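Residue-level structure breakdown
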Amino acid sequence: MKITIGQRRNLEEAENKPQIYQVFCKLKLRKDADRELLKTDIRAIKGVTIVSSLPGSEQTTESFSYQSIKIKFQPYDTPPATFVNNLSNSFRKLTKRGLAAFHFNPDSLKSIGV
């Protein structure tokens, strides 16, 4: 006995390919901040795909370190600017990881393809 459920069809690539965007962010970190754990927490935010430090961007004072990062993300069905705003809300919860302040550069928001 042969049972077939549904129809057999070849899988086709989706027409709406997901767009990947990137934005730059400047972080102000406490001296005791665990940078790698902080980046791991940022990667855990839904839609974020890659978080990387920009080489040569780190500056240090007596109390704080400043570092620029690049965040690549897939906003799903959210406009990219709204996604960055939501990222900002998520970043506010990361103070326990040593994040003292952050600033997204809105001019750096751009589509980088698929």
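Treat the numbers as computed from the prediction; the structure is a model and nothing was measured.

Things to note about the overall build of the chain
A tally of regular secondary structure across the chain gives 2 helices and 5 strands. Secondary structure elements in the chain, listed N-terminal to C-terminal, are β-α-β-β-β-α-β. Burial analysis of the chain (114 residues in total) assigns 31% to the buried set. For the chain, long-range pairs separated by at least 24 residues make up 74% of all intrachain contacts whose partners lie at least 6 apart in sequence. Entry remark: accessible area of the chain is about 8,100 Å², with carbon and sulfur atoms responsible for 48%.

Thoughts on the side chain of Gln67
Among the structural elements, Gln67 can be located in strand 4 (residues 64–73). Within the local environment of Gln67, its side chain forms a polar contact with the side chain of Ser53, the two groups lying 3.2 Å apart.

Side note on the environment of Lys70
Tracing the sequence through the fold places Lys70 in strand 4. Lys70 gets classed as partly exposed once you look at its relative accessible area, which sits at 23%. Between the C-alpha atoms of Lys70 and Phe24, which are 46 residues apart in sequence, the distance is 4.6 Å. With sequence-adjacent residues up to four places away left out, Lys70 is seen in contact with Gln22, Val23, Phe24, Ile50, Val51, Ser52 and Leu54.

Digging into the packing of aromatic side chains
By the definition in use, this model includes 5 aromatic pairs. When the centroid spacing of 5.9 Å and the interplanar angle of 20° are considered together, the rings of Tyr21 and Phe73 count as stacked. Taken together, the positions of Tyr21 in strand 1 (residues 20–30) and Phe73 in strand 4 put the pair 52 residues apart, joining distant regions of the chain. Taken as a pair, Tyr21 and Phe73 share a single burial class, namely buried. Aromatic pair Phe91 and Phe102: ring centres 5.3 Å apart, planes at 70°, arrangement edge-to-face. Separated by 11 residues along the polypeptide, Phe91 in helix 2 (residues 80–91) and Phe102 in strand 5 (residues 99–113) bring together distant segments of the chain. Overall, Phe91 belongs to the buried group, its relative accessible area being 0%. The class of Phe102 is partly exposed, set by a relative accessible area of 24%. Stacked on the ring of Phe64, the Lys or Arg Lys28 has its end atom at 4.2 Å from the ring centre. In this structure, Lys46 is placed above the aromatic ring of Tyr76, and the distance from its NZ or CZ to the ring centre is 5.3 Å.

Remarks on unusual backbone geometry
Although it is not a glycine, Tyr76 sits at a positive phi angle of roughly 55°. Tracing the backbone through its elements, the reader meets Tyr76 in the loop between strand 4 and helix 2.

Quick look at helix 2
For helix 2, with 12 residues, the first-to-last C-alpha span of 16 Å sits near the 16 Å given by 1.5 Å per residue. Residues Phe83, Val84, Leu87, Ser88 and Phe91 constitute the buried set of helix 2. Seen along its axis, helix 2 keeps its buried residues to an arc of 150°; they face one direction. Lining the buried residues of helix 2 we find strand 1, helix 1 (35–43), strand 2 (48–53), strand 4 and strand 5.

Conventions and cut-offs
Residues numbered from 1 in each chain as written. Predicted model: local features only at pLDDT ≥ 70, side-chain atom pairs only at ≥ 80, totals over all residues. Heavy atoms only, no water. Helix = DSSP H or I, 4+ residues; strand = E, 2+ residues; numbered from the N terminus. Buried < 20%, exposed > 50% of the residue type's maximum accessible area, 1.4 Å probe, protein only. Contact = heavy atoms within 4.5 Å. Areas by Shrake-Rupley, 256 points an atom, 1.4 Å probe, with all protein chains shown as cover. Polar contact = N/O pair within 3.5 Å; in protein donor to acceptor, adjacent residues only side chain to side chain. Phe/Tyr/Trp six-rings, centres within 6.5 Å; stacked < 30°, edge-to-face > 60°. Lys NZ or Arg CZ within 6 Å of the ring centre and 35° of its normal. Expected span 1.5 Å × (residues − 1). Arc of directions from axis to C-beta.

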